[in-house]
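Summary of the model geometry
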Amino acid sequence: MASSAQPGTGPAEEFRYPGNRLGLPEDGPGSVAGWGRRLLALLIDWLLAGLIASAITGTPIWAGGNDYSTAQLVTFFAMSAVLAGLAGFTLGHRICGLRVIRVGAHGPGYTAQPGLLAGVIRSLLICLVLPAVVFDRDRRGLHDRAAGTIVVRR
């Protein structure tokens, strides 16, 4: 008795690689960014926010404290929201060769600057941490899905 099932050839066409469903290339400029670059960019941005907060509060970065921690979080939020929303990248993204783009506004593959509202939504959810560590097949965290954005290579 012959089987009617077709031989499996791997993942479905729409799930071949991260970003395929969104019309993004598999590698090179415009492809979905890897975890290493994204984490390094986040650490750079957090360090820069810490240095700015240290200058604002007059507290050394290693001393910490409530005033310093609050200033660092607020600085990170503001820096991330404005830069990612209006420029499409934070300083950490720029150093690591990444950018933030809007996806899906007019069909697969459509990209544009995220805008200030998307930057604020994205940054607020990053500051809450949990939405940033829950992600989908396209490496979009809940913060990116809520803002309608994705991080890609420049």
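Attention in this report is confined to the structure presented alongside it. (Residues numbered from 1 in each chain as written. Predicted model: local features only at pLDDT ≥ 70, side-chain atom pairs only at ≥ 80, totals over all residues. Heavy atoms only, no water.)

In total, this model carries four salt bridges according to the counting rule given. Close ionic contact of Arg 38 with Asp 144 constitutes a salt bridge, the shortest N to O distance being 3.2 Å. Residue Arg 38 is found in helix 1 (residues 35–57), and its partner Asp 144 is found in helix 6 (residues 142–147); the two are separated by 106 residues along the sequence. You'll find Arg 38 and Asp 144 in the same group, each marked buried. (Salt bridge = Lys/Arg side-chain N within 4 Å of Asp/Glu carboxyl O. Helix = DSSP H or I, 4+ residues; strand = E, 2+ residues; numbered from the N terminus. Buried < 20%, exposed > 50% of the residue type's maximum accessible area, 1.4 Å probe, protein only.)

Take helix 1 next. Taking 1.5 Å of rise per residue, 23 residues should cover 33 Å, and helix 1 covers 32 Å from first to last C-alpha, within 8% of that figure. Residues of helix 1 that are buried: Arg 38, Ala 41, Ile 44, Asp 45, Ala 49, Gly 50, Ala 53 and Ser 54. Looking at the buried residues of helix 1, the elements they touch are helix 2 (66–87), helix 3 (91–96), strand 1 (98–103), helix 6 and strand 3 (149–153). Just past helix 1, the residue Gly 58 takes up positive phi, approximately 75 degrees. (Expected span 1.5 Å × (residues − 1). Contact = heavy atoms within 4.5 Å.)

Within the fold, Ala 147 resides in helix 6. C-alpha of Ala 147 to C-alpha of Gly 119: the two residues are 28 residues apart in sequence and 7.3 Å apart in space.

Between helix 2 and helix 4 (residues 116–127), whose axes approach to 7 Å, the crossing angle comes to 145 degrees. For the pair helix 2 and helix 4, the crossing hand works out as right-handed. Residue-level inspection shows Leu 73, Phe 76, Phe 77, Ser 80, Ala 81, Val 82, Gly 85 and Leu 86 of helix 2 in contact with helix 4, the latter providing Leu 116, Gly 119, Val 120, Ser 123, Leu 124, Ile 126 and Cys 127. (Axes fitted to C-alpha atoms, helices over the stretch in contact; angles between N-to-C directions. Left-handed = near helix turned anticlockwise from the far one by under 90°.)

This part covers the packing of aromatic side chains. Here the distance between the centres and the angle between the planes together describe a pair of aromatic rings. If you walk through the whole model with that rule in mind, you get two aromatic pairs. Aromatic side chains Trp 35 and Phe 135 sit 4.8 Å apart centroid to centroid with 55 degrees between the ring planes, which places their arrangement in the tilted category. In this pair, Trp 35 is assigned in helix 1 and Phe 135 in the loop between helix 5 (130–133) and helix 6, connecting sequence segments 100 residues apart. The partly exposed category is assigned to Phe 135, whose relative accessible area is 49%. Taken together, a centroid distance of 5.3 Å and an interplanar angle of 65 degrees make the contact between Trp 46 and Phe 76 edge-to-face. With a gap of 30 residues between them, Trp 46 in helix 1 and Phe 76 in helix 2 connect regions that are remote in the sequence. By relative accessible area, which is 3% here, Phe 76 ends up buried. (Phe/Tyr/Trp six-rings, centres within 6.5 Å; stacked < 30°, edge-to-face > 60°.)

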